[in-house]
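# Remarks on the overall topology
Residues per chain are reported as follows:
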Amino acid sequence: MAHIIVDENEPVEKAIKRFKRMVEKEGIIREFKKREYFEKPSTILNRKKKSNARKLMKKNRKGRGEY
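The following refers to the structure shown. Because the structure is a prediction, the values reported are computed rather than measured.

Reading guide: rules and limits
Residues numbered from 1 in each chain as written. Predicted model: local features only at pLDDT ≥ 70, side-chain atom pairs only at ≥ 80, totals over all residues. Heavy atoms only, no water. Helix = DSSP H or I, 4+ residues; strand = E, 2+ residues; numbered from the N terminus. Rg over C-alpha atoms; globule rule 2.2 N^0.38 Å. Areas by Shrake-Rupley, 256 points an atom, 1.4 Å probe, with all protein chains shown as cover. Lys, Arg positive; Asp, Glu negative; His and termini not counted. Charge placed at Lys NZ, Arg CZ, Asp CG, Glu CD. Buried < 20%, exposed > 50% of the residue type's maximum accessible area, 1.4 Å probe, protein only. Polar contact = N/O pair within 3.5 Å; in protein donor to acceptor, adjacent residues only side chain to side chain. Contact = heavy atoms within 4.5 Å. Salt bridge = Lys/Arg side-chain N within 4 Å of Asp/Glu carboxyl O.

### So, the overall build of the chain
Check the secondary structure of the chain and you find three helices and zero strands. For the chain, the sequential pattern of α-helices and β-strands runs α-α-α. For 67 residues, the compact-globule estimate of 2.2 N^0.38 gives 11 Å, and the chain exceeds it by more than 25% at 20 Å. Across its three principal axes, the chain shows a C-alpha extent of roughly 60 × 40 × 15 Å. Total accessible area on the chain is roughly 7100 Å²; 57% of this is exposed by carbon and sulfur atoms. Distance between charge centres in the chain, computed from 22 positive and 10 negative side chains, equals 14 Å.

Okay, structure coming up:
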């Protein structure tokens, strides 16, 4: 859980900016959007398979260029 400590003489805008940066870094918004709706286990599995296939294709393309 993201939380920040605001100093007495720190502007509120700066504190909000720090908070937003921290939330983005921790991936809280991304996680919320992912869990916003129920996703069937088969859909999750298909998405992971496609992602792994893309990564493998990218790795193979990179590997062929090194001669």
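This is not the end of the story, as more comes after the structure.
### A short note on the side chain of Glu10
Checked against the element boundaries, Glu10 lands in the segment before helix H1 (12–26). Owing to a relative accessible area of 14%, Glu10 belongs among the buried residues under this scheme. Engagement of the side chain of Glu10 in a polar contact is seen with the backbone nitrogen of Asp7, the distance being 3.3 Å. A distance of 3.1 Å separates the side chain of Glu10 from the side chain of Arg18, its partner in a polar contact. For Glu10, the residues in contact, after removing those within four places along its chain, are Ile5, Ala15 and Arg18.

### Some remarks on the environment of Val6
In this fold, Val6 is placed in the segment before H1. Spatially, the C-alpha atoms of Val6 and Ile16 are 9.4 Å apart, while their sequence positions differ by ten residues. Among all residues touching Val6, those that are not within four sequence positions of it are Ala15 and Arg18.

### Observations regarding the pattern of salt bridges
For the structure shown, the criterion picks out four salt bridges. Residue Glu31 is joined to Arg35 by a salt bridge in which the shortest nitrogen-to-oxygen separation is 2.4 Å. Given a relative accessible area of 29%, Glu31 falls into the partly exposed group. Through salt bridges that share partners, Glu31, Lys34 and Arg35 make up one connected network.

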